[in-house]
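Here is what each chain is made of, one letter per residue.
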There are 2 protein chains.
Amino acid sequence: MNTNQVVDVIALVESVQSLIDERDFAGIVDAVRPANLEQTTSLLKRLPPNQRAIVYRLLPKDSAIDVFEQLSPGLQSDLIHGLQDSEVATIFTDLDPDDRVWLLDELPATIAPRLLRGLSEKERQLTAEVLGYPKGSVGRRMSPEYVSTRTDSTVSQTMQRIRSRLDDAETVYTLPVLDNSRHVIGIVSLRALMRADPQEIVSNVMQDASVINAHEEAETAARKCAGLNLLALPVVDKEDRLVGVLTIDDAVRILEQEETEDSARQGGVEPLRRPYFATPLRALVSTRIVWLLVLAIGATLTVQVLSVFEATLEQVTVLALFMPLMIGTGGNTGNQAATTVTRALALGDVQVRDVWKVLFRELNVGISLGSLTGLLGGVITSIIYGPAIGLILGLTLFAVCSMAATIGGIMPMAARALRVDPAVFSNPFISTFVDAAGLVVYFLIAKMVLQI
Amino acid sequence: MNTNQVVDVIALVESVQSLIDERDFAGIVDAVRPANLEQTTSLLKRLPPNQRAIVYRLLPKDSAIDVFEQLSPGLQSDLIHGLQDSEVATIFTDLDPDDRVWLLDELPATIAPRLLRGLSEKERQLTAEVLGYPKGSVGRRMSPEYVSTRTDSTVSQTMQRIRSRLDDAETVYTLPVLDNSRHVIGIVSLRALMRADPQEIVSNVMQDASVINAHEEAETAARKCAGLNLLALPVVDKEDRLVGVLTIDDAVRILEQEETEDSARQGGVEPLRRPYFATPLRALVSTRIVWLLVLAIGATLTVQVLSVFEATLEQVTVLALFMPLMIGTGGNTGNQAATTVTRALALGDVQVRDVWKVLFRELNVGISLGSLTGLLGGVITSIIYGPAIGLILGLTLFAVCSMAATIGGIMPMAARALRVDPAVFSNPFISTFVDAAGLVVYFLIAKMVLQI
């Protein structure tokens, strides 16, 4: 693969597709050769599954595994299905234990044992260790191939240890430092080791370590590793003994996946498991239809509410004109609060125990927003539609904003407390709920003001 | 700072706050001592600005700068305002050039020159270099303190070079490899150097390098660095000559900030520049009120639309009952499409040039979703409200979903083409637009079916 030559990926996709149609495999090899790792990966992401397998098989042996590692597990598993057993076995052997487990989670249960049998005894053992932790935990995403050292080792002994593990360790740049019972006492960087006197003992050059329990959520661990600027976070068991390390590149992958999930849920859609153009239309529909129907069923609540107030509506049809504006503003206020609190929860800035503080803050913010919009909206509509309508709209905006901000702020916390992804209970869900509640408020205020 | 002792941050905040009230500074020192870097940072994030400055000054000298680096630029600048000039100068000198620039961007323009004057000649030069690149570019976030080597150097010469830069280089684990004109020809990892024969020349152990232009957006560079699992991405000028490196920890910070922005905009709120509890209520209101008003003004379009159809509404009041359901479903469909496409754009899976492909896919998805919801909704309401209403709702759902998915898919691409953050044109914006358009469609269909 060449370095920085300018390769137009979109043009490459088109030329590769026509070469596939012409069955010109040598032509494909030539066309793909100038592309670097990133461009080759983009190419594969944009091809449909059957064409992807063809191009993958034509990649040079040494770069194929690098490209494979760049793909999301969804695409990896598609690719596996399009390859022959011997090819799959080769890929599987070449992967690191943690990447292997990531892929296994995507594959049908029947394939996994066959693939595992193909591994060497040592590799099988390492993989089984990672497989032993629950899905979604950091144990499942850590690497068991780490280099560690001991508090009483010397720097030169440690350097020796690193040199012996250059080929297989996940990282050699950050080493957990252990006591005699394998407890993590500190971490030491290769840089600090290189800077130190070779006869110095490790405990004099190590730093304090942050560690994480292997059963903690992978997202928590990844956020910790990234937040503390660590190249590797030691992962420990219940007795605080080292079982693996989470490296920064894996932490970044975990966070990217979590962000994709959060953003999708915030928009009321299931996350895609493949890049956009690699996702079949049918899959795009299925990531959306369930949520759309759930929300539509929720929205029938608004129909019920309006049925109750149908007589009022018949009497004062002008009230109907402002319905979308009232519920829209409520929905927006609720979304704003939910978005802010969901993100603060994800970043660890807010915890479930802060629920009363958040309630208080969001209620306050809602009252401020409601006062501002209510006053403005009330005055403007008074001028155009008369004081009665102006008063109704002003009061409704005030009440709806106060309510929506509070609900929007509390919902993600409730979700987290119930151990559901806070983003699930998020924007479209809150809009739907706030719509119905907002209509009740609107018509009650209207009936009160108009005395009907 | 101690290692893994269990410290309850929320309890710590409370005890520190009461110690501050009692002016018991020795007590604060004792209370904070058991907390590790992460916990101390959380503590500071949760305190109001004046208390934060007090606690910060009581931290041990050697850990204070580590804590400072963990804070967001917004908090850093708050803190700076609460400290004395000499304290600020010390912090400023201890920061790396790229972190310094990040902070400078947050400070009032009057403070910057004074701080810069306090630096050594060399540090000032390094900082000025980074300051020379436009805001938002990777040049502004790269580190100019890199170690590089040359294609024709030997491994042992390169190791010697690394040893001489252990104290000041941003990273020593990934080195750009240059030719005689400072062009980046490859990269070599410290691990590969340690594995190689000391007499080997570097070009035989290096790998192909991906590089990025210093004027590219920081987000693009960060996504590239993270996506390729690099510990450092070489940053080059227009002539492809090395000017700095973007390290993975900076890439992670950039991505986290971008995710926070995208998620906020997706929810129709300006991103917070400080952690949730460090943000004053007034600031929470101001991040929301502008968007809320903009959206409310947009939503007055729905009032206009409904005024046009007021006669129809008076004649058939039952149509009002389904308005929130119809426009809500449209809004949800639009949001789903916008969320999916915005994320695909952020990840680089979709580019602006793909606009026709995206239009085609989203129209197709919209038609599928519209057919499913329209059929289901039409049949159910036919049974309850009679065939005419059923037909109106079925047709409206079909039309609104098709339209909303297409608009929702295209909007983020239009934003990107106009060089606006795609997330800005996003969910609440699309809902507002789709609400008005959906109402037009609804009443036109109703008039047609009811022949009024």
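The model shown is predicted, which means the values in this text are computed figures rather than measured ones. (Residues numbered from 1 in each chain as written. Chains lettered and ligands numbered in written order. Predicted model: local features only at pLDDT ≥ 70, side-chain atom pairs only at ≥ 80, totals over all residues. Heavy atoms only, no water.)

## Description of the overall build of chain A
The following threshold applies: For the purposes of this entry, the term helix denotes a DSSP run of H or I that reaches at least four residues, the term strand denotes a run of E that reaches at least two, and both are numbered from the N terminus. Think of it in three bands: residues with accessible area under 20% of the maximum for their type are buried, residues over 50% are exposed, and the middle band is partly exposed, with areas taken using a 1.4 Å probe on protein chains only. Here a residue-residue contact requires only that any non-hydrogen atoms of the pair lie within 4.5 Å. Here the accessible surface of atoms and residues is derived via Shrake-Rupley with a 1.4 Å probe, and residues count as covered only by protein chains that are part of the display. This count recognises Lys and Arg as positive and Asp and Glu as negative, with His and chain-terminal groups excluded. Lysine's charge is taken at NZ, arginine's at CZ, aspartate's at CG and glutamate's at CD.
The secondary structure content of chain A amounts to 20 helices and six strands. Within the span of chain A, comprising 452 residues, buried residues form 58% of the whole. Contacts spanning at least 24 positions in sequence make up 67% of the contacts within chain A whose residues lie at least 6 apart. Split by element, the accessible area of chain A, about 18,000 Å² in all, is 57% carbon and sulfur. Placing the 39 positive and 52 negative side-chain charges of chain A at their respective mean positions leaves the two points 3 Å apart.

## As for the pairing of strand β5 (residues 232–236) of chain A
Residue and element names in this part refer to chain A. What counts here: Note: two strands are recorded as paired if DSSP finds a minimum of 2 bridges between them. Think of it like this: strands point away, you trace from the first strand over the helix to the second, and a clockwise trace means the crossover is right-handed.
Of all five residues in β5, five are buried; the element is thus mostly enclosed. Of the two faces of β5, the one holding Ala232, Pro234 and Val236 and the one holding Leu233 and Val235 are both buried throughout. As paired strands, strand β4 (residues 212–213) and β5 are joined by two bridges and run parallel to one another. When the sheet's bridge partners are listed, asparagine 213 is paired in β5 with valine 236. In terms of handedness, the path from β4 via helix α13 (residues 218–227) over to β5 forms a crossover that is right-handed. Relative to strand β6 (residues 242–247), β5 is paired through five bridges, and the arrangement is antiparallel. The partner of valine 236 across the bridge, within β6, is leucine 242. Two successive antiparallel strands, β5 and β6, enclose a turn made up of five residues, where aspartate 240 displays a positive phi of approximately 65°.

## Topic: the interface of chain B and chain A
By a widespread convention, an interface's size corresponds to the accessible area lost as its parts come together. Here is the rule we go by: Here's the idea: put two parts together, see how much 1.4 Å probe accessible area each one loses, and the total over both is what we call buried area. Counted as salt bridges are all cases of a side-chain nitrogen of Lys or Arg within 4 Å of a carboxyl oxygen of Asp or Glu. Under this definition, polar contacts are N or O atom pairs within 3.5 Å; protein pairs additionally need one hydrogen-donor-capable and one acceptor-capable atom, and for neighbouring residues in sequence, both atoms have to be side-chain atoms.
Listed as interface residues are 119 residues of chain B and, on the opposing side, 118 residues of chain A. When the area that chain B buries against chain A is broken down by residue, the three leading residues are Arg191, Tyr276 and Arg361 of chain B, summing to 8%. Between the two partners, chain B and chain A, sit 14 salt bridges. Among the ionic pairs, glutamate 362 of chain B bridges to arginine 288 of chain A, the shortest N-O distance being 2.8 Å. Across the contact surface, chain B and chain A share 40 residue pairs in polar contact (both at pLDDT 80 or more). Here the side of chain B that touches chain A gets 16 residues from one element, more than from any other, and that element is helix α15 (residues 281–308) of chain B.

## Examining the relation of the copies chain B and chain A
Inclusion rule: When the copies are superposed, the least-squares fit draws on C-alpha atoms of residues that have pLDDT of at least 70 in both.
Between the two copies, chain B and chain A, the superposition gives an RMSD of 0.1 Å; the rotation angle is 180° and the shift along the axis is 0.0 Å. Given the turn and translation reported, the copies of this chain are related as if by a two-fold rotation axis.

## A few points about the sheet that holds strand β1 (residues 149–150) of chain B
Residues and elements named next belong to chain B. Read across the open sheet, the three strands follow the order β1-β2-β3; overall the sheet is mixed. Edge strands, defined here as strands with exactly one partner in the open sheet, are β1 and β3 (184–189). Pairing of β1 with strand β2 (residues 174–178) involves two bridges; the strand directions are parallel. Across the sheet, the residue bridging to arginine 150 is leucine 178, located in β2.

## Overview of unusual backbone geometry
Despite not being glycine, arginine 182 of chain A has its phi angle at roughly 65°, a positive value. Examined against the element boundaries, arginine 182 of chain A turns out to sit in the loop between β2 (174–178) and β3 (184–189). In this model, arginine 419 of chain B sits at a positive phi of 60°, which is unusual for a non-glycine residue. For arginine 419 of chain B, the location among the structural elements is in the loop between α20 (387–417) and α21 (427–450).

## Quick notes on the pattern of salt bridges
Residues and elements named next belong to chain A. Tallying each qualifying case throughout the model produces 45 salt bridges over all chains. One salt bridge connects arginine 57 with glutamate 87, and the closest N-O pair in it is separated by 3.0 Å. Taken together, the positions of arginine 57 in helix α4 (residues 49–58) and glutamate 87 in helix α7 (residues 85–94) put the pair 30 residues apart, joining distant regions of the chain. You can call arginine 57 partly exposed: its relative accessible area is 36%.

## Observations regarding a nonpolar patch on the surface
Residue and element names in this part refer to chain A. In plain terms, the rule: A residue counts toward a patch only above 30% relative accessible area and without a salt bridge, and it is joined to like-charged neighbours within 9 Å or, for Val, Leu, Ile, Met, Phe, Trp and Tyr, to nonpolar neighbours within 5 Å.
Together, Leu375, Leu376, Val379, Ile380, Ile383, Ile384 and Tyr385 make up an exposed nonpolar region whose accessible area comes to about 730 Å². Among the structural elements, valine 379 can be located in helix α18 (residues 355–385). By relative accessible area, which is 47% here, valine 379 ends up partly exposed.

## Observations concerning the sheet that holds strand β1 (residues 149–150) of chain A
Residue and element names in this part refer to chain A. Judged by pairing direction, the sheet is mixed, and its three strands sit side by side in the order β1-β2-β3 without closing on themselves. Of all strands in the sheet, those bounded by a partner on one side alone are β1 and β3. Relative to β3, β2 runs antiparallel, the two sharing five bridges. Note that in β3 the partner of proline 176 across the bridge is isoleucine 187.

## Here's the deal with the environment of glycine 227 of chain A
Residues and elements named next belong to chain A. Position of glycine 227 relative to the elements: it lies in helix α13. According to the relative accessible area criterion, glycine 227 is partly exposed, its value standing at 35%. Along the backbone, glycine 227 and phenylalanine 309 are 82 residues apart, and their C-alpha atoms lie at a distance of 52 Å.

## Observations regarding helix α1 (residues 9–21) of chain A
Structural remark: α-helix, 3.6 residues per turn; residues separated by three or four positions point the same way. Residues and elements named next belong to chain A. Keep this limit in mind: To estimate the expected span of a helix, count its residues, drop one, and scale the result by 1.5 Å.
With 13 residues, α1 extends 18 Å between its outermost C-alpha atoms, agreeing within 8% with the 18 Å of an ideal straight helix rising 1.5 Å per residue. Looking at α1, one finds that the buried residues are Val9, Ile10, Leu12, Val13, Val16, Leu19 and Ile20. The inward-facing, buried residues of α1 contact α2 (25–32), α3 (37–46) and α4. The N-capping residue of α1, defined by a side-chain oxygen 3.0 Å from the backbone nitrogen of isoleucine 10, is aspartate 8.

## A closer look at the nonpolar core
Selection rule: Among the buried residues, those of types Ala, Val, Leu, Ile, Met, Phe, Trp, Tyr and Cys that are joined through side-chain atoms within 4.5 Å form a nonpolar core.
Val235, Leu246 and Ile248 of chain A together with Val235, Leu246 and Ile248 of chain B are the most contacted members of the largest nonpolar core, which totals 62 residues. Each residue touching valine 235 of chain A, except ones within four places of it in the same chain, is listed here: Val138, Met142, Ile212, Asn213, Ala214, Arg241, Leu242, Val243, Gly244, Val245 and Leu246 of chain A. Counting 58 residues, the second-largest nonpolar core is a separate cluster that includes Leu319, Ile392 and Ala446 of chain A together with Leu313 of chain B.

## Some words on the packing of α1 of chain A against α2 of chain A
All names here are of chain A. Formally: Note on geometry: axes are C-alpha line fits, over the in-contact stretch for helices, and angles between N-to-C directions span 0 to 180 degrees. Should an angle fall under 35 degrees it is called roughly parallel, over 145 degrees roughly antiparallel, and 65 to 115 degrees roughly perpendicular, with every other angle called oblique. By convention the crossing between two helices is left-handed if the near helix lies anticlockwise of the far one by an angle smaller than a right angle, and right-handed if it lies clockwise. Following the grouping adopted for this structure description, the nonpolar residues are Ala, Val, Leu, Ile, Met, Phe, Trp, Tyr, Cys and Pro, the charged ones are Asp, Glu, Lys and Arg, and the polar ones are all others, Gly among them.
Two numbers describe how α1 lies on α2: the axes approach to 8 Å, and their chain directions differ by 165°. The orientation of α1 relative to α2 falls into the category roughly antiparallel. Here α1 runs over α2; the crossing is left-handed. Touching Leu12, Val16, Leu19 and Ile20 of α1 are Gly27, Ile28, Ala31 and Val32, all from α2. Its residues assigned to classes, the contact of α1 with α2 comprises seven nonpolar, one polar and no charged.

## Considerations on the packing of aromatic side chains
Rules: Aromatic rings from Phe, Tyr and Trp, taking only the six-membered ring of Trp, are treated as a pair when their centres fall within 6.5 Å; an angle between ring planes under 30 degrees marks them as stacked, one over 60 as edge-to-face, and anything in between as tilted. Counting as a charge over the ring demands two things of the Lys NZ or Arg CZ atom: a distance within 6 Å of the ring centre and an angle within 35 degrees of the ring normal.
Here the structure, examined in full by the defined rule, presents eleven aromatic pairs over all chains. When the ring centre of phenylalanine 277 of chain A is taken as origin, the NZ or CZ atom of lysine 357 of chain B, which lies over that ring, is 5.1 Å away. The cationic tip of arginine 361 of chain B hangs over the ring face of tyrosine 276 of chain A; the distance from NZ or CZ to the ring centre is 4.9 Å.

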